[in-house]
Amino acid sequence: MSGCRWSRCARGGSTCAWSRWSRGPAPPCWSRCCTPTPSCAPPRGPELSAALLAVFMDRAARLPLRKGSKPPCALVTLAVGDVTFRTKTCGPSSEPVWDEGFSFLIRRPHVETLELQVKDEAGAALGSLSLSLSPLLALPGLAMDGWLPLPGGGELLLRAQLGVLVSQQVEDSAVPAGGDTERRQEEEEGEEEEEGEDEERGPGGLRRRRAPADSRPQPPPGPRLQLSLWYHGEQQKLVAIVHGCRELRGGPRDLPDPYVSLVLLPDRARGTKRKTGVQRRSLNPDFNERFEWELSLEEAARRRLEATVKSTLSFVTREKEALGKLQLDLAQVDLSQGEPRWYELQDERSPP
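This is a predicted model, so every value here is computed, not measured.

Trainee: Sorry, what's going on with the overall build of the chain here?
Mentor: Each helix and strand counted, the chain has 4 helices and 22 strands in total. The proportion of buried residues among the 352 residues of the chain is 41%. Taking the contacts inside the chain whose residues are at least 6 apart along the sequence as the reference set, 63% of them involve residues at least 24 apart. Surface summary for the chain: the accessible area is close to 19500 Å², and the carbon and sulfur share equals 49%.

Trainee: When you look at the packing of aromatic side chains in this model, what are you seeing that I'm missing?
Mentor: How two aromatic rings sit relative to each other is given by the distance of their centres and the angle of their planes. If you walk through the whole model with that rule in mind, you get 2 aromatic pairs. Between Phe 85 and Phe 104, the ring centres sit 5.1 Å apart and the planes meet at 70°, which makes this aromatic pair edge-to-face. Here Phe 85 is found in strand β7 (residues 83-86), whereas its partner Phe 104 is found in strand β8 (residues 97-106), with 19 residues between them in sequence. Residue classification places Phe 85 among the partly exposed positions, given a relative accessible area of 30%. The exposure class of Phe 104 is buried, given its relative accessible area of 2%. Every member of this aromatic cluster is reached through a ring pair, and the members are Phe 85, Phe 102 and Phe 104.

Trainee: What exactly am I supposed to notice about unusual backbone geometry here?
Mentor: Glycine aside, a negative phi is what most residues show, and trans is what most peptide bonds show. Here the amide bond leading from Gly 91 into Pro 92 is cis, since omega sits at 5°, within 30 degrees of zero. When you line up the elements, Pro 92 lands in the loop between β7 and β8. In this model, Leu 265 is joined to Pro 266 through a cis peptide bond whose omega is 10°. Structurally, the position occupied by Pro 266 is in the loop between β17 (258-265) and β18 (274-275). In this structure, Glu 247 takes a positive phi of about 55° despite not being glycine. Checked against the element boundaries, Glu 247 lands in the loop between β16 (237-246) and β17.

Trainee: Help me understand the nonpolar core, please; the structure alone is not making it clear to me.
Mentor: Among soluble globular proteins, nonpolar side chains are generally buried collectively. By size, the foremost hydrophobic cluster in this structure holds 33 residues, and its most contacted members are Leu 53, Leu 78, Phe 104, Leu 114, Leu 116, Leu 156 and Leu 162. Looking at this core, the elements that each hand over two or more residues are β5 (51-61), β6 (74-80), β8, β9 (113-120), β10 (125-132), β11 (143-149) and β12 (155-167). Apart from the residues within four sequence positions on either side, Leu 116 is in contact with Met 57, Val 76, Thr 77, Leu 78, Gly 127, Ser 128, Leu 129, Leu 156 and Leu 158. Leu 229, Leu 248, Ala 300 and Leu 330 belong to the second largest nonpolar core, which has 27 residues in total.

Trainee: Is there a simple way to think about the sheet that holds β6 in this case?
Mentor: Hydrogen bonds between backbone groups are what pair the strands of a sheet, and the pairing can be parallel or antiparallel. Taken together, the 4 strands give an open sheet; going across it, the order is β7-β6-β9-β10, and neighbouring strands pair in antiparallel fashion. The outermost strands of the open sheet, each flanked by one partner alone, are β7 and β10. On average, each strand axis in the sheet is tilted by 15° relative to the strand beside it, whichever way the strands run. Relative to β9, β6 is paired through 6 bridges, and the arrangement is antiparallel.

Trainee: Sorry, what's going on with the sheet that holds β18 here?
Mentor: Reading across from one edge, β18-β17-β20-β21 is the order of the 4 strands in this open sheet, with antiparallel pairing throughout. Both edges of this open sheet fall to β18 and β21 (320-329), since each of them pairs with a single strand only. Strand direction decides the pairing type here: β17 and strand β20 (residues 304-312), joined by 8 bridges, are antiparallel. Bridge assignment links Leu 265 to a residue of β20, and that residue is Arg 304.

Trainee: Explain the environment of Ser 134 here, please?
Mentor: The residue Ser 134 is located in the loop between β10 and β11 in this model. With 23 residues separating them along the chain, Ser 134 and Val 111 place their C-alpha atoms 6.4 Å apart. The contact partners of Ser 134, leaving out residues within four places of it in the chain, are Pro 109 and His 110.

Trainee: Which parts of the structure should I look at to understand the side chain of Arg 224?
Mentor: As for its placement among the helices and strands, Arg 224 is situated in strand β15 (residues 224-232). There is a polar contact of 3.1 Å between the side chain of Arg 224 and the side chain of Glu 247.

Conventions used here
- Residues numbered from 1 in each chain as written.
- Predicted model: local features only at pLDDT ≥ 70, side-chain atom pairs only at ≥ 80, totals over all residues.
- Heavy atoms only, no water.
- Helix = DSSP H or I, 4+ residues; strand = E, 2+ residues; numbered from the N terminus.
- Buried < 20%, exposed > 50% of the residue type's maximum accessible area, 1.4 Å probe, protein only.
- Contact = heavy atoms within 4.5 Å.
- Areas by Shrake-Rupley, 256 points an atom, 1.4 Å probe, with all protein chains shown as cover.
- Phe/Tyr/Trp six-rings, centres within 6.5 Å; stacked < 30°, edge-to-face > 60°.
- Core = buried A, V, L, I, M, F, W, Y, C linked by side-chain atoms within 4.5 Å.
- Pairing = 2+ DSSP bridges.
- Axes fitted to C-alpha atoms, helices over the stretch in contact; angles between N-to-C directions.
- Polar contact = N/O pair within 3.5 Å; in protein donor to acceptor, adjacent residues only side chain to side chain.

All quantities given are derived from atomic positions and should not be read as evidence of function.
Printed below as a string of structure tokens:
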């Protein structure tokens, strides 16, 4: 998400400079970055969002039992302000697994909170938790990942990450007067060149901005797999989330029943293998499943992650068909961020 530019806005002769979404450390002036300025805000318009919160709800453990010592059929509601989402209902189990992701637009990350409630299918509360977003601004990658205890028993495993909108105007205002004049002049000349490329002439010769292009890398065409990879330093674990696949190649007659198999090479032992659930009859399956391997960061850098998308051809014979494969050298992967990325799948059926 880093590098996504928003268009300029001008009002009263002043101009708001380029802004971008950032997952890096929050700047010292983050409170001003996250507060809309009069020159940027539309007159009498709604307050603009300053950040994006991504939440991946993984699972729960040791949830309290219902009357009669029966495990609950549990779900989680997630709310920020007046926006609420809910997971699917899982169970009956005291350790439900949801593997679902949600996102919220955040106006004031330094004051807002994420409200979590665990309930059974009848609506009875099993536990609740309020997660302030302000501490995320001081964490590496603006993210937290781990188990959170629930009052009254049980705990939740989730990942929460902020993307904060940082204004170039605010960053420039932090430069003291009398600074590097030549550097500022070069930057202004570069901005003027960009402005000429991104503008066009309208009726009457008036200049107007073209629609801003999304600077995020676009997914490759054809069969592809979306993964998030990062290393959890506190727990000494390599973590992978398999989000989904797009544009898989189907068979001549029926749609495939795809799933994803993961293995850490060069070791193909059972202990390094992981597998998602099967999605029936789909060329664009969504999995949103999380997997972990306990190993050191140095060991992870010596491994390669192999991901293979397969489909079951016959339930009786258990015959499998490979729909695509990829290998990632983890030494070449940034394991500090954990942002979702698309990877091209190689078709094993086609000649090299």
